[in-house]
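Structural description and commentary
This is what each chain is made of:
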Amino acid sequence: MATTLSVSVWRGAESGEFRIYEVPRLESQTVLDVVTYIQRNLDPTLAYRFACRVGMCGSCAMTVDGKARWTCRTHVASVAAENRLEIAPLNNLPVIKDLVTDMSRFFDNWARAKGRFHGMRSRKDDFARVMPDSPQRKEVDGAIECIGCGVCYSSCDVVTWNPEYLGPAALNRAWTLLNDVRDTARVARLAAVAGDAGCHACHTHMSCSERCPKHIAPTAGIAGLKRAVVAAALKGEL
Amino acid sequence: MNLRNQVLLWAAQRYSAMVLALCVVVHLIVIVYAVRNGLSAAEILGRTRGNYGWFAFYALFVAAIAIHAPIGMRTIVAETFGWRGAALDALTLVSGMALALWGWRAVFAVFA
């Protein structure tokens with residue numbers, strides 16, 4: 001193992017440049033460790049975002065060697081070819097500074113996709129029981145693990161070509177609620193995710209499924225949404 | 001375009017793709033057969049003229065193309081040039097009608 005790592009880091013906002021830093025190479029080092037070292041030891045003006053450091057919060061996603069990744073769980077050994085590394089902010093989102101993007105649009109799309117649960121019970125009712133082995137619950141076993149990191153949104157070609165597109169994460173959220181037997185907003189949600197800016201814009205490139213750090217397959221959920229929306233349209237529910 | 005029509009356009013493109021997949025396979029077999037057996041234009045016309053089976057098949061082929069291609073072009077134009085709205089929808093409709101008209105004209109020419 002080499003003793004140092006040559007790291008190109010994006011500095012600036014929408015316009016800017018890559019600057020190179022030499023970082024000591026350590027055993028079991030993550031990309032987030034590298035960024036943290038740069039900020040604490042080489043350049044305190046470097047802006048980046050992180051919180052939990054253990055792959056739960058979804059705040060540290062960046063573009064590492066051209067691919068969006070969660071940096072806290074990405075080992076340098078698995079990505080740095082010839083001891084070089086390029087770290088940039090997420091694609092498809094406006095850059096605020098350095099490695100920090102404005103994620104407003106990403107989360108606003110969750111609201112546009114009616115990603116909020118609408119139940120039918122009050123606090124006076126008994127708990128709803130959702131059987132873990134029921135078909136609908138099993139359908140979203142993976143999808144409910146989303147941590148909202150934005151890796152899928154950043155990797156999606158359709159988002160690049162059509163900024164109005166809701167994106168994989170918001171559609172994945174809608175898919176989990178569509179399969180939630182307690183939810184009451186089915187038709188309104190199907191209308192929210194339909195059409196040219198919704199699930200039907202997906203070209204099934206599957207970059208979201210390939211890059212998702214939680215190994216969720218949003219493409220499968222989006223395909224389910226497409227079928228459900230077409231069925232609703234044919235029934236005249238939309 | 002309203003939401004329901006956007007969804008129906010997507011469905012029309014999906015279902016026309018299924019028809020196209022079958023039609024293309026049959027069409028390729030016909031081409032290979034005609035070429036390998038050295039059929040002349042007159043011999044081909046001899047098989048298509050007055051044949052309602054081939055007429056129906058190629059009329060369906062043209063219909064599937066006329067539905068499928070303009071809807072796909074609409075998406076490509078929107079994503080590549082950012083052009084969206086009623087004018088693009090009108091162009092989609094006109095191109096679909098033009099494809100259908102030219103295609104059916106050609107089908108009729110080898111049938112009649």
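Note: the structure precedes this text.
Anyway, here's the lowdown on the structure attached to this text. Worth saying up front: this structure is predicted, and the values here are computed from it rather than measured.

The subject of this paragraph is the overall build of chain A. For chain A, the count of helices and strands is ten helices and seven strands. In terms of overall dimensions, chain A has C-alpha extents of about 60 × 40 × 30 Å along its principal axes. Looking at chain A as a whole, 49% of its 238 residues are labelled buried. Long-range pairs, those at least 24 residues apart, make up 63% of the contacts in chain A between residues at least 6 apart in sequence. For chain A, the separation between the mean place of its 30 positive charges and that of its 25 negative charges on side chains is 6 Å.

This part is about the interface of chain B and chain A. Listed per partner, the contact involves 13 residues of chain B and 17 residues of chain A. At the boundary of chain B with chain A, total buried surface from both sides reaches about 1300 Å², with 59% on carbon and sulfur atoms. By the criterion of area lost to chain A, the three top residues of chain B are Val7(B), Trp10(B) and Glu79(B), representing 44% of everything that side buries. At the junction of chain B with chain A, the criterion picks out one salt bridge.

A separate point is the side chain of Asp89(B). Residue placement: Asp89(B) occurs in helix H4 (residues 86-111). Setting aside its immediate chain neighbours within four residues, Asp89(B) contacts Met1(B) and Arg74(B).

Residues and elements named next belong to chain A. Taking strand neighbours across the sheet as the criterion, the five strands line up as E2-E1-E5-E3-E4 in an open arrangement whose pairing is mixed. Pairing within the sheet leaves two strands with one partner each, and these edge strands are strand E2 (16-24) and strand E4 (67-70). Sheet twist, expressed as the mean angle between neighbouring strand axes with direction ignored, is 35°. Here strand E3 (residues 61-64) runs beside strand E5 (residues 84-88); their pairing, made up of two bridges, is antiparallel. Bridge pairing in E5 links Thr63 to Ala88.

About the criteria used
Residues numbered from 1 in each chain as written. Chains lettered and ligands numbered in written order. Predicted model: local features only at pLDDT ≥ 70, side-chain atom pairs only at ≥ 80, totals over all residues. Heavy atoms only, no water. Helix = DSSP H or I, 4+ residues; strand = E, 2+ residues; numbered from the N terminus. Buried < 20%, exposed > 50% of the residue type's maximum accessible area, 1.4 Å probe, protein only. Contact = heavy atoms within 4.5 Å. Lys, Arg positive; Asp, Glu negative; His and termini not counted. Charge placed at Lys NZ, Arg CZ, Asp CG, Glu CD. Buried area = accessible area lost by both parts, 1.4 Å probe. Salt bridge = Lys/Arg side-chain N within 4 Å of Asp/Glu carboxyl O. Pairing = 2+ DSSP bridges. Axes fitted to C-alpha atoms, helices over the stretch in contact; angles between N-to-C directions.

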